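# Structure assessment
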Amino acid sequence: MSALVGIIGAGGLVGRRLAQALAARTDASLRLGGRRPDAYADLAAACGERATSHAVDIDDAASLAAFVRGCTLVVNAAGPSTRIGARVAEAALHARVDYLDPGGYDPLLDAFERDASRIREHGLRFVANAGLLPGLSGALPAALARTLPRCERLDVAYVGTDRWSWASAYDIVVSLGDFGLERPFCAIRNGSAERRPWWRASRAYTLPAPIGKVRAWRLYTEELARLARDERIAQVNVYGVNHGPASARVLAATKLLRRYRTEAGRERAAHALVAASERDARTHPACFAIVVDAYGEDAATHRQATLVIDDTYAGTAEVVAIAAQAMLERRIAPGAYSLHEALAPEWLVDRFLASGVRARLDWPPTQNRLREIAA
Ligand SMILES: NC(=O)c1ccc[n+]([C@@H]2O[C@H](COP(=O)([O-])OP(=O)(O)OC[C@H]3O[C@@H](n4cnc5c(N)ncnc54)[C@H](OP(=O)(O)O)[C@@H]3O)[C@@H](O)[C@H]2O)c1
C-alpha cells in the first residue's frame, strides 16, 4: 500500500508547490487540506486520482484529528506557524503519524524536546525548520564546517527578499523578537549567547547579482546555536538582512519600536511588511543567499561557500519535498529534529542542487565536488 501524505495549507505558497513536487516524484497518495478546499480544487485535479481534498481547520481539534488519522506523514504548511504552535504536531503524535514542518521555529523545537522520548518510543520522526531559513540555513554551514579537520569559527549571513505572504510576514515579525526571548545583538561563544555592542553589530557583504553590496545585522538563531553545540564550534556569528529597501525599513522600525510584543503590533507590522515587499518586488527580484565563512584552528585556514537561490518559495518547497521523501524512504531514524540534524547536511545540499531549483553554489575550490563528500 502506498504512503498517504497529508498537507495542511495545501493552497498556500509553500503547500501548493510541495503538493506538485510530491505528486510528480513519489507514488504517495496526497490528502490536501485547508479551511477552503475550493482555493486548491485546481491543484487536487492537477495532482490526479492520488490526491483528495479535505476541509480541515487547525483551530478545530476534531477536524484536525480526523485529517491526521490514517496518514503516514503530515506536513504542516499552514501559517502563521508561530500562531499554530505545536497543535498539528501534537495531533500527529496522538495519531502515531510522522510530522514535518517548514517552519515551527524555536517554540516547536521546545515542544519537540518535551515530547522527544514519546516520539522515539513510538518510532516516529518529527522534523521542524525544514525550509530555507531555517533549514538549508543550518545545513550549508554544517556541510562547510565538516570540510575542515576542526572548525573553530563560523560566520554566516542570510540575505534575501521576496513578496511575502501574510503568514510568512507574521512569522518574520515574531522572529524579530526572538520568539519572545528578545535577545540583543549577540554572538554564540562556547555555547552561550554573548552580547555585542552596536558598533560591532553589523558586517558588510558583497554578494553576486542581483543582490550586490549589503550591510547585514547580527541575529541569534537557535538552529546555529544547536549546530555550534553539536559540532563543538567555539564561535558563531550570524548576520541577516532583507535587502529590499522598503521591507528593510519596516523591519527596522518593527525591531526598534518592539512592535512584535503585542498581537495588534504583530498584525500591523505583518501587513506593512506584505505591502513593502510588494513595492520592493518591482525593483528587487526575489532572491535568497547564504554566505558561510568557516575558519580552522590556524587563522590562515579559511573556506567560504555562497549559495544564491532565485525563488525563495520554490526553494523552500524543494527542501520540504526532499525532507518528505527522505522520511517516506525511512532515511531518518526515529526522533525529533531541526532539519540539519535529521539528514546528512552534505546530502541535503547536494539533493537540493540536483533538484532543478534555480540556484548557484560557489563552493571552495579544494572541495569543488560536494557530491564526493555527500557520497
Ligand atoms: N523555513 C522557511 O524558509 C520558510 C519559508 C517560507 C514559509 N515558511 C513557513 O511556512 C508557513 C506557510 O507559509 P506560506 O507563505 O506558504 O503561507 P500562505 O501562502 O499564507 O499559506 C498558508 C496556508 O495556511 C492555511 N491555513 C491558515 N490557517 C489555517 C487553519 N487554521 N487551518 C487550516 N489551514 C490554515 C491557509 O489556507 P486557508 O486560509 O484556506 O485555510 C493557507 O493556505 C509559514 O508558517 C511560514 O513561516 C517557512
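Okay, so let's go over this structure. Please read all numbers here as calculations on a predicted model, not as lab measurements. (Residues numbered from 1 in each chain as written. Predicted model: local features only at pLDDT ≥ 70, side-chain atom pairs only at ≥ 80, totals over all residues. Heavy atoms only, no water.)

The next thing to look at is the state of the cysteines. Tallying each qualifying case throughout the model produces 0 disulfides. Summary of cysteine pairing: Cys186 is not part of a disulfide, and the nearest cysteine sulfur, belonging to Cys151, is at 18 Å. Accessibility expressed as a relative area gives 4% for Cys186, which makes it buried. (Disulfide = S-S within 2.5 Å. Buried < 20%, exposed > 50% of the residue type's maximum accessible area, 1.4 Å probe, protein only.)

Across a regular strand the side chains alternate sides, sitting on one face of the sheet and then on the other. Neither face of strand β4 (residues 73-76) is left uncovered, since the one carrying Leu73 and Val75 and the one carrying Val74 and Asn76 both have all their residues buried. Bridge analysis of strand β1 (residues 4-8) against β4 gives 4 bridges, and the strand direction is parallel. The residue of β4 that forms the bridge with Val5 is Leu73. Note: β4 against strand β5 (residues 98-100), 3 bridges, orientation parallel. When the sheet's bridge partners are listed, Leu73 is paired in β5 with Asp98. (Helix = DSSP H or I, 4+ residues; strand = E, 2+ residues; numbered from the N terminus. Pairing = 2+ DSSP bridges.)

What follows covers the sheet that holds β5. The 7 strands lie next to each other as β3-β2-β1-β4-β5-β6-β15, forming an open sheet whose pairing is parallel. Sheet topology places β3 (51-55) and β15 (335-338) at the edges, where each strand pairs with a single neighbour. When strand polarity is set aside, the average angle formed by the axes of neighbouring strands in this sheet is 20 degrees. Where helix α3 (residues 61-68) meets the sheet, it contacts β1, β2 (29-34), β3 and β4, and its direction lies at approximately 165 degrees from that of β2. With respect to the sheet, helix α12 (residues 312-328) is in contact with β1, β4, β5 and β6 (125-128), its orientation differing from that of β5 by roughly 165 degrees. (Axes fitted to C-alpha atoms, helices over the stretch in contact; angles between N-to-C directions. Contact = heavy atoms within 4.5 Å.)

Here helix α10 (residues 245-256) contains 12 residues, and its C-alpha end-to-end distance of 16 Å stays within 8% of the 16 Å for a straight helix at 1.5 Å per residue. All of the buried residues in α10 are Ala246, Ser247, Val250, Leu251 and Thr254. Taken down its axis, α10 places every buried residue within 130 degrees of arc, on the same side. Exposed side chains of α10 directed beyond 90 degrees from the buried face belong to Arg249 and Leu256. Close packing links the buried residues of α10 with β7 (153-161), α8 (166-176), β12 (235-242) and α11 (263-281). In the segment just after α10, Arg258 is the residue with positive phi, at about 50 degrees. (Expected span 1.5 Å × (residues − 1). Arc of directions from axis to C-beta.)

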